[in-house]
Amino acid sequence: MRNIALKLMYNGTAYHGWQVQKNAVSVAETLEKALSTVVCHPVKCTGAGRTDAGVHAEAYVANFRTESTIPCDRIPLAVNTRLPNDIVVVRAVQVPEAFNAIGSCRRKEYTYRIYNSRLGNPFYVDRAWFYPRRLDESVMARAAAQFVGTHDFRAVRSVGTETRTTVRTVHYFRVRREGDLIECRVCADGFLYNMVRAMVGTVVYAAEGKLSPEDIPAILDSGNRTLAGPTVPPGGLYMTRLWYDEDVL
């Protein structure tokens, strides 16, 4: 039995997230069906993490087990011909038996994109959050810096899947503007449900003057979700980088 890791990317607009759902189409279900026809048996994929409905991935890793002898270098093309064009498998590699796409992941990076212009752009619909009032990215960056480090992030998570602990370590949270596009890149050892979208909503609140960047440590200490900013829309969020010890990416 081989353990195969896949690197893939997807546009999440048409899907109800990565995780298989009972009554909605998901990325995992779509991928598993395509893989099953390639390896000629049912397939169960383990993904690098749950992405919400409408969230995208420029880099995502999943693994599955198979008795098929199909060479790894043939898997991407074989699977892609059976997938819709908004999901693409980029690479397939055989990994050790113990490898698990979520359990073996050391760090993750998400990028949130804001289209900050007085007028909208049709090419960013469901690809970035259209925000017509001018945002000061320098204030956003000051606010983002307050999240870096090891903290209890209960104040910036939505009620959802329970976890053993709400403490996470954020390695960096960077804000950069290029023209009308603002990118918020955050890397951590793990994320809580809607954590990135709430963090971005909080730095936007700071840019709006609804709170000071220096208020954020106290908000985190309080654990009170109502003191932080809103959960911003999913279409601007992308999984953009994953770190593994194994040569997966």
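Residues numbered from 1 in each chain as written. Predicted model: local features only at pLDDT ≥ 70, side-chain atom pairs only at ≥ 80, totals over all residues. Heavy atoms only, no water.

Trainee: Provide a residue-level description of the overall build of the protein chain, including the pertinent values.
Mentor: Along the backbone of the protein chain there are five helices and ten strands. Scaling as 2.2 N^0.38, a compact globule of 249 residues should have a C-alpha radius of gyration of about 18 Å, and the protein chain matches this with 19 Å. The principal-axis extents of the C-alpha atoms in the protein chain amount to approximately 60 × 40 × 35 Å. Out of the 249 residues belonging to the protein chain, those deemed buried represent 52%. (Helix = DSSP H or I, 4+ residues; strand = E, 2+ residues; numbered from the N terminus. Rg over C-alpha atoms; globule rule 2.2 N^0.38 Å. Buried < 20%, exposed > 50% of the residue type's maximum accessible area, 1.4 Å probe, protein only.)

Trainee: Go over helix 3 (residues 137-145) with me, naming the residues and quoting the values.
Mentor: All of the buried residues in helix 3 are V139, M140, A143 and A144. Axial view of helix 3: buried residues confined to an arc of 140°, hence all on one face. In this fold, the buried residues of helix 3 make contact with strand 5 (107-115), strand 8 (167-178), strand 9 (181-188), helix 4 (195-208) and helix 5 (216-222). (Arc of directions from axis to C-beta. Contact = heavy atoms within 4.5 Å.)

Trainee: Residues and numbers for the side chain of K108, please.
Mentor: With respect to the helices, strands and loops of the structure, K108 is situated in strand 5. It is D189 that comes nearest to the buried, bridge-free K108 among opposite-charge side chains, at 9.4 Å. At 2.7 Å, the side chain of K108 and the backbone oxygen of A48 are in polar contact. (Lys, Arg positive; Asp, Glu negative; His and termini not counted. Salt bridge = Lys/Arg side-chain N within 4 Å of Asp/Glu carboxyl O. Polar contact = N/O pair within 3.5 Å; in protein donor to acceptor, adjacent residues only side chain to side chain.)

Trainee: Now, about the packing of aromatic side chains: what can you tell me, with residues and values included?
Mentor: Inspection of every chain in the model, using the stated rule, returns eight aromatic pairs. For the pair F99 and Y244, a centre-to-centre distance of 5.3 Å together with 45° between the ring planes defines the contact as tilted. With a gap of 145 residues between them, F99 in the loop between strand 4 (87-95) and strand 5 and Y244 in the segment after strand 10 (237-243) connect regions that are remote in the sequence. A relative accessible area of 1% means that F99 is categorised as buried. Arranged with centres 6.5 Å apart and planes meeting at 75°, the rings of Y112 and W129 form a pair that is edge-to-face. Here W129 lies in strand 6 (residues 129-130) and Y112 lies in strand 5, a separation of 17 residues in the sequence. Note on Y112: relative accessible area 0%, which makes it buried. With relative accessibility at 19%, the residue W129 sits in the buried group. A network of ring pairs unites the aromatic residues Y10, W18 and Y60 as a single cluster. The lysine or arginine in question, R107, covers the ring of W243, its NZ or CZ lying 4.4 Å from the ring centre. (Phe/Tyr/Trp six-rings, centres within 6.5 Å; stacked < 30°, edge-to-face > 60°. Lys NZ or Arg CZ within 6 Å of the ring centre and 35° of its normal.)

Trainee: I'd love a proper account of the pairing of strand 10, names of residues and values included.
Mentor: Burial analysis of strand 10 places six of its seven residues in the buried class, which makes it a mostly covered element. Summarising the sheet, strand 3 (residues 56-66) and strand 10 pair through two bridges and their orientation is parallel. In the strand pairing of strand 10, A57 is matched with M239. One ladder, built from six bridges, connects strand 5 with strand 10; its direction is antiparallel. Bridge pairing in strand 10 links Y110 to M239. (Pairing = 2+ DSSP bridges.)

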